[in-house]
Amino acid sequence: MTATHTPSTVPRPSPPTGVRRRRALIALALVIGGAWSLTGLDITLARVLGAPADVWDIFKQLWPPAMDEALDRGVVGKVFESVYIAWIGTIIGAILSLPLAFLAATNVAPRWIRIPVRQLFNAIRAVPELIVAVIFIPITGLGPWAGTLAIGLHSVGTLGKWATEAIEGVDTGPLEAIEATGGRWVSGMRWGILPQIMPIVASFWLFRFEINVRASAVLGMIGAGGVGAELVSQLMFRNFPAVGAVLGITVLVVLTIDTMSATVRRRIIAGAARTSGPDLDADRNAEALADLTGFRR
Amino acid sequence: MIRFEDVSVTYRGGVQALRGLDLTIEDGEFIVIVGLSGAGKSTLLRALNGLVPATGGSITVDDTEVVGASAAELRTLRSQIGMIFQTFNLVNRTSVLNNVLMGRLGTVPAWRSTLGLWPADDRERAMQALERVGIVEKAYVRASNLSGGQQQRVGIARALVQEPSVMLADEPVASLDPVTSRQVMSDLQRINRDLGITTIVNLHYLDLAREFGSRLVGLRDGVLVFDGDIADVDDDTFMEIYGRAIRDDDLVGAEDDLT
Amino acid sequence: MSEGGIARPVRPRPRLRTLGITAGLLAFTVFAAREVKFAISTFWEVWKNPLWEKFWPVPWDWVLDRSNVIDPFVETFQIAILATIIGCGLALPISFAMSRLTTPNRPTYLVTRSVMNVVRAVPDLFWAKLLVTAVGIGAFAGTWALSVFSLAVMVKLFSETIDNADPRPLEAARATGSRHLPAIRIGVLPTVLPEYVAYALYVFELNIRASIVLGLVGAGGIGRVLEAQRQFFRFDRVLGMLIIVFVVVFVIEQVSVAIRKRLV
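This section reports on the structure supplied with the text. Only a predicted model underlies this, so the values are computations on that prediction, with no experimental measurement involved.

**Quick notes on the sheet that holds strand 9 (residues 215–220) of chain B**
The strands making up a sheet are joined through hydrogen bonds of the backbone, oriented either antiparallel or parallel.
Residue and element names in this part refer to chain B.
In step 1: Here 6 strands make up an open sheet; going across it, the order is 6-7-8-3-9-10 and the pairing mixed. Edge positions in the sheet fall to strand 6 (81–84) and strand 10 (223–229), since each has one partner strand and no second. Averaged over all pairs of adjacent strands, the angle between strand axes in this sheet comes to 15°, irrespective of strand direction.
In step 2: Across 6 bridges, strand 9 lies against strand 10 in antiparallel orientation. Bridge pairing in strand 10 places glycine 218 opposite phenylalanine 226.

Written out as structure tokens, the structure reads:
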């Protein structure tokens, strides 16, 4: 092309420098931050290079899992205990959060009640259920009930927030119609709003249940019932084949529940008109995912 | 020279997009392909550069067989064939220059392009391509900040920078208004004449086809139903290709708003 | 009654299947409630517990002393920074491998996807505990554990973003005869990079929060101090630390949310 090219009369622009400088700054910040953290944590090259071997040493002992031993010790029962904790915890969270959500939604609640309820949701979401359990254990004693309470209370935060968003996304026409007939606020909520949000809210409950199954497994590690305690004690005895069995059974149950719950959720959502926008969904997905993996918002 | 011999394309769902197509295109020709949507125009172009694999027959570009070519052979072939798309297919969040440099992906070593270390002469080629389509001043602007007509020119520059021997344009003006459509078509025509690049354009608009084409190919339900000089084409020919009378929306018109 | 001559419809009876499912769920709930030793009285009796007095007053002198809370908190930051860099760095190539749009081939897609699913199915503190057992108690294990989970979160979020990215520039890149990797780098990466940065910031937020609990299983950071004070029943100190932690987390979240809003 160079041969046939005729020079253009328009001057060529010069490349902008802003982008490059910004990229360099970000890279520099990452390097400095990383270096500062490495030195602060006393992470030496020797440790970094040695760690994969240490980890592999343990991971390879997880297989084959000692299934017989695990079954004898009632690990399956422990996993189910985690599921029960999650189930009852979710129900407690659902019952507490639904009325509160109506008090937090911009389109149906007055300002003076809305603000404190929203802040309550935020505060609850900020405290991990593990911390809630830490506080509850001395009061209720060790065992599944402490874990159930912790999960129930923590669930109020996310379930309340999601339900609020669902309420804010509804068509207020029916509500207006009920007000026009002289209905009370409560009847407006019950007959105007609730039927619209119920499918999506039910699917949130199921979603939260999936999250809570993982959470309750973890709670067992500090003695709040369920499979976590089993993992801790087997790790303490360095009985790795048994650890492998505990992990395997947990993963199996978790994935089974995820699949079942996701199927039901899809059917619920497909059978109902969508009540919230897609951007909300993306946000919630990110948040719930964080919860799924144990990180709380 | 491009030669289609008894080419057929059947999609996985069982839809037959092309049936027994025979077509020979000489170097430097400017060919317009018309037909209703779904007639197989896009499939024909994409079969030529292997984006859609032909399920039967033989397609040769110069002496390269496209049907059954290996991945490496296809890459070499594609690097010699420029393609322009109906929806421009630009990367919106990056600069015009980076979009044009995409045209060099087939020749620049993978590690260099991946790291963004484009050779200086490739940058020079990209600048020249932008000058040729008249938007060099936009080189460092984000592609999403351009108008539709400007975006399509970036698309043309991206194809030009490949220094191709063949240029494929898939409905290049379907997303543009009449005035811009004519500009883009005349850009293509000029490039065809100046650089002698074989150009194959899919068009829906019959008046544009008449205005800019020299040879016309008509497709109907995946079958070639017309192939001849544009001068011999009259309304009956279009009737035959479209299977119905010509309507207003088959014409880009002069000042009509078609956005 | 017969006005208009049309009989009124009979109220539809709930279907047998619906009844069955309801009864089943109810029975499961009752059974589960018994298993977890459900006691509704806890909800009012809990407030009468004398233990609550141990939460107050907060010993601010102790909490604000450098070596007690600040230093472990800095350690938490360092863990979070490293884990974010490692996890998000690894997530970049893996996400592209496990997105339908950009995966090099089907086996890679299936393998990465199922491995990441299993990684995510293991609860986070299980990982932390495993790694503590493997490499010893302390921040090193915590960094490992958080890196694994930064990776798991990031890969899930980012690969879905790639799935939904515009496929047309990629087609254009392929049409120029590009190899797979440069086509992704030029055709897809620029369109998803802002989301990547936003998610990385988000993951950093999560890592700071997660490190509160990491210490409970011996994986370093502020949680280690939390666990120690809990075992001494110094709930006043625990409360003070939690307040500090939540203030800092809140500030980080606000900054991060502001940046993320500008990015996407």
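**Some thoughts on the side chain of Gln152(B)**
In step 1: Relative to the elements of secondary structure, Gln152(B) occurs in helix 6 (residues 148–160).
In step 2: Setting aside its immediate chain neighbours within four residues, Gln152(B) contacts Ile84(B), Phe85(B), Gln86(B), Phe88(B), Pro172(B), Leu176(B) and Val184(B).

**Here we look at the packing of helix 8 (residues 173–180) of chain A against helix 9 (residues 185–219) of chain A**
Residues and elements named next belong to chain A.
In step 1: Interaxial distance between helix 8 and helix 9 falls to 9 Å at its minimum, and their mutual angle equals 160°. It follows that helix 8 is roughly antiparallel to helix 9 by the angle criterion. The hand of the helix 8/helix 9 crossing is right-handed. For the pair helix 8 and helix 9, the contacting residues are Pro174, Leu175 and Ile178 in the first and Ser187, Gly188, Met189, Trp191, Gly192, Ile193 and Gln196 in the second.
In step 2: When its residues are assigned to classes, the contact of helix 8 with helix 9 shows 6 nonpolar, 4 polar and no charged.

**What to know about the environment of Cys88(C)**
Residue and element names in this part refer to chain C.
In step 1: Mapped onto the elements, cysteine 88 comes out in helix 4 (residues 66–97).
In step 2: A C-alpha to C-alpha distance of 22 Å links cysteine 88 and aspartate 166, two positions 78 residues apart in sequence.
In step 3: Beyond its immediate sequence surroundings of up to four residues, cysteine 88 is in contact with Ala83, Met154, Tyr196, Ala200 and Val203.

**A few points about a positive patch on the surface**
In step 1: A cluster of basic residues, Arg20(A), Arg22(A), Arg23(A), Arg142(B) and Arg262(C), forms a positive patch on the protein surface.
In step 2: Here the positive patch takes 3 residues from helix 1 (residues 18–40) of chain A, the largest share from any one element.
In step 3: In this fold, Arg262(C) is placed in helix 12 (residues 235–263).

What counts and how
- Residues numbered from 1 in each chain as written.
- Chains lettered and ligands numbered in written order.
- Predicted model: local features only at pLDDT ≥ 70, side-chain atom pairs only at ≥ 80, totals over all residues.
- Heavy atoms only, no water.
- Pairing = 2+ DSSP bridges.
- Helix = DSSP H or I, 4+ residues; strand = E, 2+ residues; numbered from the N terminus.
- Axes fitted to C-alpha atoms, helices over the stretch in contact; angles between N-to-C directions.
- Contact = heavy atoms within 4.5 Å.
- Parallel < 35°, antiparallel > 145°, perpendicular 65-115°, else oblique.
- Left-handed = near helix turned anticlockwise from the far one by under 90°.
- Nonpolar A, V, L, I, M, F, W, Y, C, P; charged D, E, K, R; others polar.
- Patch = residues over 30% accessible without salt bridge, like charges linked within 9 Å, V, L, I, M, F, W, Y side chains within 5 Å.
- Areas by Shrake-Rupley, 256 points an atom, 1.4 Å probe, with all protein chains shown as cover.
- Salt bridge = Lys/Arg side-chain N within 4 Å of Asp/Glu carboxyl O.
- Lys, Arg positive; Asp, Glu negative; His and termini not counted.
- Charge placed at Lys NZ, Arg CZ, Asp CG, Glu CD.

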